[in-house]
Amino acid sequence: TLNGNNDTLNVAIKYTGIIAAIRRNPKITAEKLSEELSTSVITIKRYISYLKKSQTIRRTGSKKSGQWEIIKNKTSNIHYEEAYENIGLCGCFKN
């Protein structure tokens, strides 16, 4: 459906927004990402969880003073359909 395509695009924009924000500021917090991307903190944490599982990003250092690292050659391997389902929005890709 058209709405499903728009939802998919929005998810893709959020993922690329997270990656871009991490590139600009590797110490960025989920709260700051939430503000920048106009998305709830819980949703940002789900997106981050998927990006970590897909080995696109990783956290280095301590929880408080650590930073995000983008794993080279992985950002092009994000599968948005799989990611969308992983954050609990299954079925949007079915006709």
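Structural data are supplied above this passage.
Residues numbered from 1 in each chain as written. Predicted model: local features only at pLDDT ≥ 70, side-chain atom pairs only at ≥ 80, totals over all residues. Heavy atoms only, no water.

Visitor: Can you help me understand the pairing of strand β1 (residues 57-60) in this one?
Guide: The two faces of a sheet get side chains in turn, since along a regular strand they alternate between them. Inspection of the sheet shows β1 paired to strand β2 (residues 67-70) by four bridges, in the antiparallel sense. Each bridged residue has a counterpart across the sheet, and for Arg-59 the counterpart in β2 is Trp-68. In this antiparallel pair of consecutive strands, β1 and β2, the connection spans six residues, and Gly-61 shows a positive phi of 85°. (Pairing = 2+ DSSP bridges. Helix = DSSP H or I, 4+ residues; strand = E, 2+ residues; numbered from the N terminus.)

Visitor: Mind showing me how you'd approach helix α2 (residues 30-37) here?
Guide: Each turn of an α-helix holds 3.6 residues, which means side chains three or four residues apart point in the same direction. All of the buried residues in α2 are Ala-30, Leu-33, Ser-34 and Leu-37. The buried residues of α2 occupy one face: seen down the axis, they fall within an arc of 105°. Within two residues after α2, Ser-38 carries a phi angle of roughly 50°, on the positive side. (Buried < 20%, exposed > 50% of the residue type's maximum accessible area, 1.4 Å probe, protein only. Arc of directions from axis to C-beta.)

Visitor: Can you help me understand unusual backbone geometry in this one?
Guide: Generally, phi is negative for residues other than glycine and the peptide bonds are trans, each holding for most cases. Phi at Ser-38 is positive, roughly 50°, even though this residue is not glycine. Relative to the elements of secondary structure, Ser-38 occurs in the loop between α2 and α3 (41-53). Exposure remark for Ser-38: the relative accessible area of 68% places this residue in the exposed category. Residue Gln-55 is not a glycine yet carries a positive backbone phi of 55°. Following the sequence through the fold, Gln-55 ends up in the loop between α3 and β1.

Visitor: In this structure, what is going on with the nonpolar core? I would like to understand it.
Guide: Ile-18, Ile-22, Leu-33, Ile-44, Ile-48 and Ile-57 are the most contacted members of the largest nonpolar core, which totals 18 residues. Those elements giving two or more residues to this core turn out to be α1 (2-24), α2, α3 and β2. When residues in this core are grouped by element, the largest group, six residues, is from α1. Ignoring any residue separated from it by four or fewer positions in sequence, one finds Ile-18 in contact with Leu-33, Leu-37, Ile-44, Tyr-47 and Leu-51. (Core = buried A, V, L, I, M, F, W, Y, C linked by side-chain atoms within 4.5 Å. Contact = heavy atoms within 4.5 Å.)

Visitor: It is not clear to me how the pattern of salt bridges should be interpreted in this structure. Could you clarify?
Guide: Oppositely charged side chains can form a pair if their charged atoms are brought close together. If you walk through the whole model with that rule in mind, you get three salt bridges. Across the salt bridge formed by Glu-36 and Arg-24, the nearest N and O atoms sit 2.8 Å from each other. Residue Glu-36 is found in helix α2, and its partner Arg-24 is found in helix α1; the two are separated by twelve residues along the sequence. Of the charged contacts, one joins Glu-35 and Lys-32 as a salt bridge, the two residues approaching to 3.8 Å between their closest N and O atoms. Placement of the pair is Glu-35 and Lys-32 together in helix α2, with a separation of three residues, close to one helical turn. Residue classification places Lys-32 among the partly exposed residues on the basis of a relative accessible area of 39%. (Salt bridge = Lys/Arg side-chain N within 4 Å of Asp/Glu carboxyl O.)

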